[in-house]
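Working through the structure, step by step
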Amino acid sequence: MKFGKIKRSQEEIAGFVMIILLVSIIFLVILGIMIRKPKEMSKDENVKSFLTALLRYTTECEARANENYNFADLIKACLNNENCMNNETACFILNKTSYELIGLGFKTSKESESKAYSFKIFNGNNSLINLSKGNFTGNKKGEELPVSIARENWYLRLEVYY
């Protein structure tokens, strides 16, 4: 009688251990799936406002005497391979202006709130500008803004990493 109780207790303990192992394995699988899942970019009104203001920014590229391109027109001029009055290409000024303004708006350092940024002007697989700077870790916030240029939809995407 005593031997039967011991054997039954051992079976119950073995069953309990099997259940704990099964639950642990399921937990590890779910955790692994969650870690591998790429992080979604959350929207940020500050980034959206920055991109909207960027499109209206008057650049140093002079189209005609005393008439400078705004950023949106500069994108179009770059796509058309135009030059500015100072003989620099519109694409050079577009790249330079993008780098300067984003650098001023989102300073990247260990001490600052933003640790990195990625800025891209693109249309499908065509990329006009692709700038990035900093340490790409942590959470990211950003925005993508459509711009209609020469009957095509181009997009400005700015992602800021915190």
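Residues numbered from 1 in each chain as written. Predicted model: local features only at pLDDT ≥ 70, side-chain atom pairs only at ≥ 80, totals over all residues. Heavy atoms only, no water.

Turning to the overall build of the protein, a few remarks are in order. Each helix and strand counted, the protein has four helices and seven strands in total. Shown N-terminal to C-terminal, the secondary structure of the protein runs as helices and strands in the order α-β-α-β-β-α-α-β-β-β-β. Rg of the C-alpha trace for the protein: 28 Å, well past the compact-globule value of 15 Å for 162 residues, more than 25% over. On the principal axes, the C-alpha backbone points of the protein span a range of 105 × 40 × 25 Å. (Helix = DSSP H or I, 4+ residues; strand = E, 2+ residues; numbered from the N terminus. Rg over C-alpha atoms; globule rule 2.2 N^0.38 Å.)

Another aspect to go through is the packing of helix α3 (residues 71-79) against helix α4 (residues 90-105). Between α3 and α4, the shortest axis-to-axis distance is 8 Å and the interhelical angle comes to 140°. When the axes of α3 and α4 are compared, the pair comes out oblique. Here the hand of the crossing between α3 and α4 comes out left-handed. Between α3 and α4, the residues in contact are Phe71, Leu74, Ile75, Ala77 and Cys78 and Ala90, Cys91, Ile93, Leu94, Thr97 and Ser98, respectively. (Axes fitted to C-alpha atoms, helices over the stretch in contact; angles between N-to-C directions. Parallel < 35°, antiparallel > 145°, perpendicular 65-115°, else oblique. Left-handed = near helix turned anticlockwise from the far one by under 90°. Contact = heavy atoms within 4.5 Å.)

Glancing now at the state of the cysteines. Going through the model one piece at a time under the given rule, you end up with two disulfides. Cys61 shares a disulfide with Cys84; S-S distance 1.8 Å. Measuring handedness by torsion sign, the sulfur bridge of Cys61 and Cys84 sits at about -105° and is left-handed. Taken together, the residues span a long stretch of sequence, with Cys61 in strand β2 (residues 58-64) and Cys84 in the loop between α3 and α4 at a distance of 23 residues. This pair shows no difference in class: Cys61 is buried, exactly as Cys84 is. Along the protein, the cysteines engaged in disulfide bonds are linked according to the scheme 1-3, 2-4 when indexed in sequence order. (Disulfide = S-S within 2.5 Å. Buried < 20%, exposed > 50% of the residue type's maximum accessible area, 1.4 Å probe, protein only.)

As a further point, take the side chain of Ser118. Mapped onto the elements, Ser118 comes out in strand β4 (residues 116-123). The residues contacting Ser118, other than those within four sequence positions of it, are Leu131, Ser132, Phe136, Arg157, Leu158 and Glu159.

We now examine the environment of Ala77. Structurally, Ala77 is set in helix α3. Those residues within four positions of Ala77 in sequence are excluded, and the remaining contacts are Tyr69, Glu82 and Ala90.

The next thing to look at is the environment of Asn123. Counting through the fold element by element, Asn123 comes out in strand β4. On the accessibility criterion, Asn123 (19% relative accessible area) is buried. Separated by 36 residues in the primary sequence, Asn123 and Asn87 place their C-alpha atoms 27 Å from one another. Residues contacting Asn123, with those up to four places away along its chain left out, are Glu152, Asn153 and Trp154.

Bringing the pattern of salt bridges into the picture now. Considering all chains together, one arrives at four salt bridges under this definition. Among the salt bridges present, the one from Lys96 reaches Glu60, with a minimum N-O distance of 3.1 Å. Of this pair, Lys96 sits in helix α4 while Glu60 sits in strand β2; the two residues are 36 residues apart in sequence, bridging distant segments of the chain. Relative accessible area serves as the criterion here: at 30%, Lys96 is assigned to the partly exposed category. A salt bridge links Glu67 to Arg64, with the shortest nitrogen-to-oxygen separation between them at 2.8 Å. (Salt bridge = Lys/Arg side-chain N within 4 Å of Asp/Glu carboxyl O.)

Counting 32 residues, the largest nonpolar core has Phe71, Phe119, Ile121, Leu156 and Leu158 as the members making the most contacts within it. Secondary-structure elements contributing two or more residues to this core are α2 (45-56), β2, α3, α4, β4, β5 (126-134), β6 (140-149) and β7 (152-161). Setting aside anything within four residues of it in sequence, one finds Phe71 in contact with Leu54, Leu55, Tyr57, Thr59, Leu94, Thr97, Ser98, Phe119, Ile121 and Leu156. (Core = buried A, V, L, I, M, F, W, Y, C linked by side-chain atoms within 4.5 Å.)

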